[in-house]
Amino acid sequence: MGDLENQEVIHLLRHKRHDWMNQIQLIQGYITMGKMDRLEHQVNQIVQEAEEERKLLNSSAYEFSLWLLSFNWENEQYRLKYLVNADVDLSRHDHKLLAYAKRMMNILDEHSHSEELYEGTLEIHQPDDSKFKLSWNWNGLFLVEVEEALSGEGFLTAHDPGYELSIEMMIE
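Residues numbered from 1 in each chain as written. Predicted model: local features only at pLDDT ≥ 70, side-chain atom pairs only at ≥ 80, totals over all residues. Heavy atoms only, no water.

Asks: Describe helix α3 (residues 62-74), and please don't skip the residues or the numbers.
Replies: Between its first and last C-alpha, α3 extends 17 Å over 13 residues, near the 18 Å set by a 1.5 Å rise per residue. Along α3, the sharpest change in direction is near 30° and occurs at L68. Those residues of α3 that fall on the buried side of the exposure criterion are F64, S65, W67, L68, L69, S70, F71 and W73. (Helix = DSSP H or I, 4+ residues; strand = E, 2+ residues; numbered from the N terminus. Expected span 1.5 Å × (residues − 1). Bend = angle between axes of the 7 residues up to and from the residue. Buried < 20%, exposed > 50% of the residue type's maximum accessible area, 1.4 Å probe, protein only.)

Asks: Any details on the environment of L57? Residues and values, ideally.
Replies: On the secondary structure map, L57 appears in helix α2 (residues 36-57). Exposure remark for L57: the relative accessible area of 41% places this residue in the partly exposed category. Through-space distance from the C-alpha of L57 to that of D89 is 9.9 Å; in sequence the pair is 32 residues apart.

Asks: Account for the pairing of strand β5 (residues 164-171), naming residues and giving values.
Replies: As paired elements, strand β3 (residues 131-139) and β5 share eight bridges and run antiparallel to each other. The residue of β5 that forms the bridge with F132 is I171. Pairing geometry for strand β4 (residues 156-160) and β5, over five bridges, is antiparallel. Each bridged residue has a counterpart across the sheet, and for A158 the counterpart in β5 is S166. (Pairing = 2+ DSSP bridges.)

Asks: Which residues make up the packing of aromatic side chains, and what are the values?
Replies: Inspection of every chain in the model, using the stated rule, returns ten aromatic pairs. Judged by centre distance (6.3 Å) and plane angle (65°), the rings of F71 and Y78 are edge-to-face. Of the two residues, F71 and Y78, both sit in the buried class. Ring geometry for W136 versus W138: centroids 6.5 Å apart, planes at 10°, classification stacked. (Phe/Tyr/Trp six-rings, centres within 6.5 Å; stacked < 30°, edge-to-face > 60°.)

Asks: Outline the pattern of salt bridges, listing residues and values.
Replies: One side chain can pair with another of opposite charge once the charged atoms of both are near each other. Taken as a whole, this structure holds six salt bridges when the rule is applied. Residues E153 and R103 are paired through a salt bridge, measuring 3.3 Å at the closest nitrogen-oxygen approach. Highlighted residues: E153 in the loop between α5 (146-152) and β4 and R103 in helix α4 (residues 94-110), separated in sequence by 50 residues. Note on E153: relative accessible area 43%, which makes it partly exposed. For E168, the salt bridge goes to K133, with nearest N and O atoms at 3.6 Å. One end of the pair, E168, is in strand β5; the other, K133, is in strand β3, and 35 residues separate them in sequence. Using a relative accessible area of 29% as the deciding quantity, one classes E168 as partly exposed. With a relative accessible area of 24%, K133 lands in the partly exposed category. (Salt bridge = Lys/Arg side-chain N within 4 Å of Asp/Glu carboxyl O.)

So this is what it looks like as structure tokens:
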């Protein structure tokens, strides 16, 4: 591993450690206040996130996985959760997934409002052995031209100009 790769790994580990510390502090707070229902919810959420992370890391799409893992740290205006609906092997699509995701984000950035916080969910499905479907759902106010810009790049979209944007990618 080169120095740059080592720095990227350390950067990722620092962020991951920071997230874990925040979650532990929440758990400690709920214990101190005796809020066992909130504690149980928080622990269940951590377990669910860890399971999704396991499936993502086991997908063998190393560049795309790293991009997703670091997404919330690198994008101040966006918050993204991801769900991997099954154990999948994305290794042969790694570069394509990353390129499509980055292109989508560039388009979203071009059609976003600087004061808006966008919350999204990515679901990765495998409808059959040869295809993968990525469903992105974003909540937040985008410029109305976002759907046309995304469609022009081949993304399948549905946009409620009020607040919701759905984007689908099929990878074969």
